[in-house]
Amino acid sequence: KESELALTRKMNEQEEEKLHLEEKYSSLAEEVTSKTRKLKKIWSKYQLAKAEIKDLEHEFLNDKNEVLDSVRDLTRQLKLKDFIISNFIPPKVMP
């Protein structure tokens, strides 16, 4: 997964380098059109990154809740075992 992220970052960097290359425009309208196109492309990348961050936050929250549920369940089981041991096994038998 890390190599996939690294590859994606590298591809994004290469695309951004292409966007930043010096361009010569023959008219002001052409420059506006080109920059508007670039702005739309960058805006869509921003929206995708924002959505990915939101998805990752949601995934992290789900994982966190699963871990907390597991901890609660294990704590409950441990308390039950301690209760059973303390009430049904004579103290003389316990080390």
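The notes below deal with the structure included here. (Residues numbered from 1 in each chain as written. Predicted model: local features only at pLDDT ≥ 70, side-chain atom pairs only at ≥ 80, totals over all residues. Heavy atoms only, no water.)

**Brief notes about the overall build of the protein**
Broken down by element type, the protein carries two helices and zero strands. Burial analysis of the protein (95 residues in total) assigns 3% to the buried set. A total of about 9300 Å² of accessible surface is found on the protein, and carbon and sulfur atoms cover 61% of it. (Helix = DSSP H or I, 4+ residues; strand = E, 2+ residues; numbered from the N terminus. Buried < 20%, exposed > 50% of the residue type's maximum accessible area, 1.4 Å probe, protein only. Areas by Shrake-Rupley, 256 points an atom, 1.4 Å probe, with all protein chains shown as cover.)

**With respect to the pattern of salt bridges**
Considering all chains together, one arrives at two salt bridges under this definition. Where arginine 72 meets aspartate 69, a salt bridge forms, and the shortest distance between an N and an O atom there is 3.1 Å. Remark: aspartate 69 and arginine 72 occur in helix H2 (residues 28-88); sequence separation between them is three residues, near one turn of the helix. You can call aspartate 69 partly exposed: its relative accessible area is 46%. For arginine 76, the salt bridge goes to aspartate 73, with nearest N and O atoms at 3.1 Å. Taken as a pair, arginine 76 and aspartate 73 lie in helix H2 at a separation of three residues, close to a single helical turn. Look at aspartate 73 and you get partly exposed, because its relative accessible area is 31%. (Salt bridge = Lys/Arg side-chain N within 4 Å of Asp/Glu carboxyl O.)

**Here's the deal with a nonpolar patch on the surface**
A cluster of nonpolar side chains, contributed by Leu80, Phe83, Ile84, Ile85, Phe88, Ile89, Val93 and Met94, occupies part of the molecular surface with about 770 Å² of accessible area. Within the element layout of this structure, valine 93 appears in the segment after H2. Residue valine 93 is classed as exposed on the basis of its relative accessible area, which comes to 60%. (Patch = residues over 30% accessible without salt bridge, like charges linked within 9 Å, V, L, I, M, F, W, Y side chains within 5 Å.)

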